[in-house]
Amino acid sequence: EKSGIDQFICVIRGSVNFLCIESCTSVQVCCDAVDMAVLIMDCSKVTVMLGHDVPHITVQDSVGVEIVGGDGSFESGIECVGCYGIYLSTAAQNVKSSLGAVDLMRAERRRAVPIPERMFTHMKNGAMTTVCRTGSSAANAASFQMNPNRNIIPIQSSCT
């Protein structure tokens, strides 16, 4: 029997050391600040709104995840492994990254940009940069689309 709730919303006020969202469906998590890391694992239809400066984010084995923050929030990077349908949205230009998550909920968002699988994405000074995380960028499906932008940089095979 359907409960009648389309989406569960969780608002975390203040700062937390680590945010782990695991095995969730149709959830919106809003957090003012995360100090160390964010892990999103085995989730679907999840929206994560992160205020202030965001640490490294890892999304693993998930589908339909949207990550929302301010313009300068994602300098530490977002890594996706075994995922598809992962999107990055930022608040409009007039919203600073120092706002809390509830303020980001109210802010107008830019168009969501998909994050390719097996790539490492970070945002610095309002510009998103994506680097290939496989040994051979030519073998990556996103290589063809992104190569004209010169965003794909093969890494050494000793790195994983």
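In case you missed it, the structure is sitting above this.
Residues numbered from 1 in each chain as written. Predicted model: local features only at pLDDT ≥ 70, side-chain atom pairs only at ≥ 80, totals over all residues. Heavy atoms only, no water.

Draft legend 1. Structural view of the nonpolar core. Of all hydrophobic cores here, the largest spans 25 residues; its most connected members are Leu19, Ile40, Leu50, Ile57, Val59, Ile67 and Ile78. The set of elements that each furnish at least two residues to this core consists of strand S1 (8-22), strand S2 (25-41), strand S3 (44-50), strand S4 (56-60), strand S5 (63-69), strand S6 (78-81) and strand S7 (84-90). A per-element tally of this core places S2 first, with six residues. The contacts of Leu19, once residues within four sequence positions are left out, are Ile12, Val29, Cys31, Val34, Ala37, Val38, Leu39, Val48 and Leu50. (Core = buried A, V, L, I, M, F, W, Y, C linked by side-chain atoms within 4.5 Å. Buried < 20%, exposed > 50% of the residue type's maximum accessible area, 1.4 Å probe, protein only. Helix = DSSP H or I, 4+ residues; strand = E, 2+ residues; numbered from the N terminus. Contact = heavy atoms within 4.5 Å.)

Draft legend 2. Structural detail: the environment of Met123. Tracing the backbone through its elements, the reader meets Met123 in strand S9 (residues 119-124). For Met123, a relative accessible area of 6% translates into the label buried. Sequence-wise, Met123 and Phe74 are 49 residues apart; in three dimensions their C-alpha atoms are separated by 4.8 Å.

Draft legend 3. Seen up close, the pattern of salt bridges. By the definition in use, this model includes one salt bridge. For Asp103, the salt bridge identified is with Arg106, shortest N-O distance 3.7 Å. Residue Asp103 and its partner Arg106 are both found in helix H1 (residues 101-106); the two are separated by three residues, about one turn of the helix. On the basis of relative accessible area, Asp103 is assigned to the partly exposed category, the value being 33%. (Salt bridge = Lys/Arg side-chain N within 4 Å of Asp/Glu carboxyl O.)

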